[in-house]
Amino acid sequence: MAELDNTIHQSVRLQIMSSLVALYAGEEIEFVYLKKLLNLTDGNLGAHLAKLEEAGYVKVKKTFVARKPRTFITATGKGRDAFEEHISALKQIIGAQQKTNLKGK
Amino acid sequence: MNVTNEDAVQSLAQVEEVMAKTRQSLVSTYAGPFLILWGFIWVVSYLGTHFFLMWVDWIWNISSGLGCIGTIFIFWRLFGRGSATRNPSDKGLVLRTILFWPLFFAYAFVWLSIVKPGNGVVLNAFLVTAIMFAYVVIGLWFGSWLMVVLGIVVTGFTLIGFHLIPAYYYCLWMAVTAGGGLLGTGLYMKLRWR
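All values derive from a computational prediction rather than experimental measurement.

Colleague: Pulling in residues and values, what's your account of the overall build of chain B?
Modeller: Along the backbone of chain B there are six helices and one strand. Reported as C-alpha extents along the three principal axes, the dimensions of chain B are approximately 75 × 35 × 25 Å. Here chain B holds 194 residues, and 27% of them are scored as buried. Counted over contacts in chain B with a minimum sequence separation of 6, partners at least 24 positions apart contribute 64%.

Structural data, given as structure tokens:
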């Protein structure tokens, strides 16, 4: 039985993880690009990334490209596994509800 | 944690939406500017060829040259200043993509030197279908089905133009279908997938 993940379930963090998992394994996305993609503010994205990083679900890398600071984010293997399990748990909830509805008919 | 059925449905819908949006946004970022540039160049060049056939060599030489300069500029903007994504475990990907195009055109010109097309329509249909084949390959390489479909559809339009449309209208047909196809797809990406 898959379990829901408290860290991932929060709406913004679910969006962040969905976006990161949509990339190829090991592929990193730039902070400003992700912020615009999800319509978030710097502070909001930063705060939720810190929570996900604390859980070991994402890796945040600060680097310099052409002398300008840039931050890249990637989902870790642990983060991808946790996300998959969370999605399975959500599907199980829907499946269980459908079974209950069928029994009731 | 207490999650209702409605919450679960909503969360899964949100996940699917964000994953699709991410993929579309990246395809739009990387492919959109090139499609707009070359779509515009094809539309102008085909129309120019139809109305001013005597300047056909000038039209295509100048437009292709401008297209190459534009392509280099877009590459510089996308990758020189740092791209939206990167993959440290596959650092050669960008280099391989950049190398693919000159190698592809080198081969296309080798084939042309062997086949020796008899007239401008044959030459053009050959080059367009060859370029669309490259779109299909790039689409498969990067997992972008839109590029695969675009390549196949424009190839289909080119074959219709080549086999069924009178030669006099070939360039008008290609301006609308091939040039318009690239330009329209690029603009659609830019407007809807950002």
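Read on, since the account is not over.
Colleague: Go over the overall build of chain A with me, naming the residues and quoting the values.
Modeller: Across its full length, chain A carries five helices and three strands. Reading chain A from its N terminus to its C terminus gives the helix and strand order α-α-β-α-α-β-β-α. For chain A, the C-alpha radius of gyration of 16 Å lies well beyond 13 Å, the compact-globule estimate for 105 residues. Overall, the C-alpha framework of chain A stretches about 65 × 25 × 20 Å when taken along its three principal axes. Taking all 105 residues of chain A together, 34% fall into the buried category. Taking the contacts inside chain A whose residues are at least 6 apart along the sequence as the reference set, 60% of them involve residues at least 24 apart.

Colleague: So, unusual backbone geometry: which residues are in play, and what are the values?
Modeller: Positive phi is not limited to glycine here, since Asn39(A) has a value of about 55 degrees. Structurally, Asn39(A) is set in the loop between α3 (31-37) and α4 (42-54). The exposed category is assigned to Asn39(A), around which 9 C-beta atoms lie within 10 Å. Although it is not a glycine, Lys116(B) adopts a positive phi angle of roughly 50 degrees.

Colleague: Outline the interface of chain B and chain A, supporting the account with residue identities and numerical values.
Modeller: The interface of chain B with chain A comprises 23 residues on the first partner and 27 residues on the second. No other element matches the 13 residues that helix α1 (residues 5-51) of chain B contributes to the side of chain B that touches chain A. For the side of chain B that touches chain A, a count of residues per class yields ten nonpolar, nine polar and four charged. As judged from the two bridges shared by strand β1 (residues 28-30) of chain A and strand β1 (residues 85-86) of chain B, these two strands associate in the antiparallel manner. The residue of β1(B) that forms the bridge with Glu28(A) is Arg86(B).

Colleague: Account for the nonpolar core, with residues named and values stated.
Modeller: Across soluble globular proteins, you tend to see nonpolar side chains buried next to one another. Ranked by internal contacts, the top residues of the largest apolar core, which has 28 residues, are Met17(A), Leu20(A), Leu34(A), Val58(A) and Ile73(A). Those elements that place two or more of their residues in this core are α2 (11-21), α3, α4, β3 (68-75) and α5 (77-104) of chain A together with α1 of chain B. Within the second largest apolar cluster, 25 residues are counted, among which are Trp42(B), Val43(B), Met132(B) and Leu183(B).

Colleague: Break down the packing of helix α4 (residues 120-142) of chain B against helix α5 (residues 145-163) of chain B for me, citing the residues and quoting the values.
Modeller: Between two packed helices, both the angle of their axes relative to each other and the distance between the axes serve to describe the pair. All names here are of chain B. It is the contact of α4 with α5, at a shortest axis distance of 7 Å, that shows an interaxial angle of 165 degrees. On the basis of their axis angle, the class for α4 and α5 is roughly antiparallel. As for how α4 packs across α5, the hand of that crossing is left-handed. Side by side, α4 and α5 meet where Val121, Ala125, Val128, Thr129, Met132, Phe133, Tyr135, Val136, Ile138, Gly139 and Leu140 of the first sit next to Trp145, Met147, Val148, Leu150, Gly151, Ile152, Val154, Thr155, Thr158 and Phe162 of the second. Looking at side-chain class alone, the contact of α4 with α5 contains 16 nonpolar, five polar and no charged residues.

Colleague: Residues and numbers for the environment of Val94(B), please.
Modeller: You can see Val94(B) is positioned in helix α3 (residues 93-115). Separated by 50 residues in sequence, Val94(B) and Val44(B) have C-alpha atoms that sit 30 Å apart.

Colleague: Talk me through the sheet that holds β1(A); I want residue IDs and the actual numbers.
Modeller: The four strands are arranged β2(A)-β3(A)-β1(A)-β1(B) in an open sheet whose pairing can be described as antiparallel. Two strands close off the open sheet at either side, each with one partner strand: β2 (58-65) of chain A together with β1 of chain B. Examined bridge by bridge, β2(A) and β3(A) share eight bridges and lie antiparallel to one another. The partner of Thr63(A) across the bridge, within β3(A), is Arg70(A). Relative to the sheet, α4(A) contacts β2 and β3 of chain A, its axis offset from that of β2(A) by approximately 120 degrees.

Colleague: How would you sum up the packing of α5(B) against helix α6 (residues 170-192) of chain B? Please name residues and give values.
Modeller: Residue and element names in this part refer to chain B. Two numbers describe how α5 lies on α6: the axes approach to 9 Å, and their chain directions differ by 175 degrees. Taken together, the axis directions place α5 and α6 in an arrangement best described as roughly antiparallel. Across the interface between the two elements, Leu150, Val153, Val154, Phe157, Thr158 and Gly161 from α5 touch Tyr170, Trp173, Met174, Thr177, Ala178, Gly181 and Thr185 from α6. Residue composition of the contact of α5 with α6, grouped by class: eight nonpolar, five polar and no charged.

Colleague: Summarise the pairing of β3(A); cite the residues concerned and give the values.
Modeller: Residue and element names in this part refer to chain A. In this structure, β1 lies alongside β3, joined through two bridges in antiparallel fashion. Looking at the pairing, isoleucine 29 lines up with isoleucine 73 of β3. As consecutive antiparallel partners, β2 and β3 are separated by two residues, and within that stretch alanine 66 has a phi angle of approximately 50 degrees, a positive value.

The rules behind the values
- Residues numbered from 1 in each chain as written.
- Chains lettered and ligands numbered in written order.
- Predicted model: local features only at pLDDT ≥ 70, side-chain atom pairs only at ≥ 80, totals over all residues.
- Helix = DSSP H or I, 4+ residues; strand = E, 2+ residues; numbered from the N terminus.
- Buried ≥ 20, exposed ≤ 12 C-beta atoms within 10 Å, placed from the backbone.
- Contact = placed C-beta atoms within 7 Å.
- Rg over C-alpha atoms; globule rule 2.2 N^0.38 Å.
- Nonpolar A, V, L, I, M, F, W, Y, C, P; charged D, E, K, R; others polar.
- Pairing = 2+ DSSP bridges.
- Core = buried A, V, L, I, M, F, W, Y, C linked by C-beta atoms within 7 Å.
- Axes fitted to C-alpha atoms, helices over the stretch in contact; angles between N-to-C directions.
- Parallel < 35°, antiparallel > 145°, perpendicular 65-115°, else oblique.
- Left-handed = near helix turned anticlockwise from the far one by under 90°.

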